[in-house]
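What the coordinates show
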Amino acid sequence: MTVLEAPPTDHSPRVASANIDDFAVPQGREEEWRYAPLADLSAFMQSDTDAGTLTAVEGAHVRNLGAAQPGTWLPTDRPSAVAWSGVRSVVSVRVDNDEIVDEPIVVTLTGSAALNYGHVEVIVGRHSRATVVVVHDASVDASGSIVVTVGDGAELTMLSIIDGPAEKVHLWQWHTDVGRDARFVGSVVTLGGRVVRILPSVSYSGPGGSAELLGAFLAEGDQYLEHRIFVSHEQPHCSSNVVYKGALSGQGAHTVWIGDVLVRREAVGTDTYEMNRNLLLNDGPRADSVPNLELETGDVASAGHASATGRFDDEQLFYLQSRGITEETARQLVVRGFFVDVLARIPSPEWRGLVLGRIANRLGMKGLGDDNEESGGGDE
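**A closer look at the pairing of strand β7 (residues 105-110)**
As judged from the two bridges shared by strand β4 (residues 55-56) and β7, these two strands associate in the antiparallel manner. Bridge assignment links T55 to a residue of β7, and that residue is T110.

Given below as structure tokens:
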């Protein structure tokens, strides 16, 4: 068991361990669990010997290997420890040193049972460049972890997509270690699932690293979507930029965004910013947004955060309607435009168009999406 420094929202030590018993079963009073619908997550709090394992279609850079072994990363909550101890194979993505991969590496996860454990390891060697797309199996319940290592001077862009019926539960920890002068862009797109809880975290193993965490989520009906980010700056002259946007509709829709950034004493010259924007499409949905920034040093280049939740801009709607566009279509266009500045940072045109098209289809914009069913290898 390893005891880590606590994130800003919690004054207790942050435990990292592969041992399930090192984590108590959450009761809902804990800071990190106070929003979550624990009754819906009970199956993930205890080991299930009948659980399946998520695997991926193998390719030039993708392999299904033996069981996960403890490394530099360890689970930091009970469901992750349960999944870690129960997973029977690892989806491994490796890019060699100095290798440039032009086409996106697509990792299509597939479950073998109603409930599945998964572990994905992505290792990008020094001075290499790649794009990795993780497509989750939205037809099953799943819990697991994605552990990423970006080598010195490397560039990695990752896209994680959960899209499908609003019926299943997904719990994921996604940790990335950014090397010296390396660059990481991680985008999370959450459109499906009844309960989804994703915990992206970033650490730095050398100075000069850059991390950009982007997110787009669309909640409707009784969906619960939680994104809880933790960025730990412990190296000098590194940067982080966090931008998450969500749109909500329906009486039972609930989203939670927690952004924790910790700048340690030795992390001089840090440049960090985090922002969350939520758009309420009608009466009833609830969006909780909590940005946190803790500075142990005043010697930073820049540090800030912002959060806002609001309704449609009436002036935007009026402008579109004055051009002959119906109110319904105008609202759909505003929502789609709301996400564009986040999704435009996805470097692959095929996958960018795919995601924008799926959001458009969810909004009922059948004729206005950019979805190309034959691009991006996005068959699920």
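**A short note on the pattern of salt bridges**
Throughout the structure, instances matching the rule amount to 13 salt bridges. As a salt-bridge pair, D40 and R194 come within 3.2 Å of each other at their nearest N and O atoms. Of this pair, D40 sits in helix α1 (residues 38-41) while R194 sits in the loop between β13 (183-190) and β14 (195-204), placing them 154 residues apart in sequence. Exposure remark for D40: the relative accessible area of 33% places this residue in the partly exposed category.

**Focus on the nonpolar core**
Membership of the largest hydrophobic core comes to 51 residues, with the highest contact counts inside it found for L156 and M158. Judged by nonpolar contacts, the second largest core, of 27 residues, contains L281, V334, V355 and L356.

**Let's talk about the sheet that holds strand β15 (residues 210-220)**
Spatial ordering of the open sheet is given by β4-β7-β9-β11-β13-β15-β17-β19-β21, a layout of nine strands whose pairing is mixed. The open sheet has two edge strands, β4 and β21 (302-310), and neither has a second partner. When strand β9 (residues 129-135) meets strand β11 (residues 155-162), the two strands line up parallel, connected through seven bridges. Note on β11: the bridge partner recorded for T131 is T157. Running at roughly 160° to strand β17 (residues 239-249), helix α4 (residues 327-343) makes contact with β13, β15, β17 and β19 (271-280) of the sheet. Across the sheet, helix α5 (residues 349-362) is in contact with β7, β9, β11, β13 and β15; its angle to β11 comes to roughly 25°.

**Description of the side chain of Q173**
For Q173, the location among the structural elements is in strand β12 (residues 169-178). Residue class for Q173 comes out buried when judged on its relative accessible area of 4%. Only 2.9 Å separates the side chain of Q173 from the side chain of T76, close enough to count as a polar contact. A polar contact of 3.3 Å, which involves the side chain of Q173, links it to the side chain of D77. Apart from the residues lying within four places of it in its own chain, the contact partners of Q173 are W73, P75, T76, D77, S80, G144, S145, I146 and L199.

**A short note on the packing of α4 against α5**
Direction vectors running N to C along α4 and α5 enclose 160°, while the axes themselves pass 11 Å from each other. As summarised for this structure, α4 and α5 are arranged roughly antiparallel, according to the angle between their axes. Note that α4 runs across α5; the crossing there is right-handed. Counting all contacts with α4, which are made through R336, F339, V340 and L343, the residues of α5 involved are R352, V355, L356, I359 and A360.

**Some thoughts on the pairing of β19**
Burial of β19 is extensive: seven of the 10 residues sit out of reach of the surface. As judged from the 10 bridges shared by β17 and β19, these two strands associate in the parallel manner. In the strand pairing of β19, V243 is matched with M275. Taken together, the nine bridges between β19 and β21 define a ladder with parallel strand orientation. Each residue of the ladder has a partner; that of E274, found in β21, is H305.

**Overview of the packing of aromatic side chains**
Under the criterion given, the structure shown has three aromatic pairs. Both rings, one in W73 and one in W84, keep their centres 5.5 Å apart while their planes meet at 55°; by these two values the pair is tilted. Separated by 11 residues along the polypeptide, W73 in the loop between β5 (62-65) and α2 (78-86) and W84 in helix α2 bring together distant segments of the chain. Pair check on accessibility: W73 and W84 agree, each one buried. Seen in terms of ring centroids, F338 and F339 are 5.3 Å apart; in terms of plane orientation they differ by 70°. Their pairing is edge-to-face.

**Considerations on the environment of S307**
Tracing the backbone shows S307 in strand β21. A relative accessible area of 34% places S307 in the partly exposed class. Contact partners of S307, with chain neighbours within four places excluded, come to N276, R277, S289 and P291.

Calculation rules
- Residues numbered from 1 in each chain as written.
- Predicted model: local features only at pLDDT ≥ 70, side-chain atom pairs only at ≥ 80, totals over all residues.
- Heavy atoms only, no water.
- Pairing = 2+ DSSP bridges.
- Helix = DSSP H or I, 4+ residues; strand = E, 2+ residues; numbered from the N terminus.
- Salt bridge = Lys/Arg side-chain N within 4 Å of Asp/Glu carboxyl O.
- Buried < 20%, exposed > 50% of the residue type's maximum accessible area, 1.4 Å probe, protein only.
- Core = buried A, V, L, I, M, F, W, Y, C linked by side-chain atoms within 4.5 Å.
- Contact = heavy atoms within 4.5 Å.
- Axes fitted to C-alpha atoms, helices over the stretch in contact; angles between N-to-C directions.
- Polar contact = N/O pair within 3.5 Å; in protein donor to acceptor, adjacent residues only side chain to side chain.
- Parallel < 35°, antiparallel > 145°, perpendicular 65-115°, else oblique.
- Left-handed = near helix turned anticlockwise from the far one by under 90°.
- Phe/Tyr/Trp six-rings, centres within 6.5 Å; stacked < 30°, edge-to-face > 60°.

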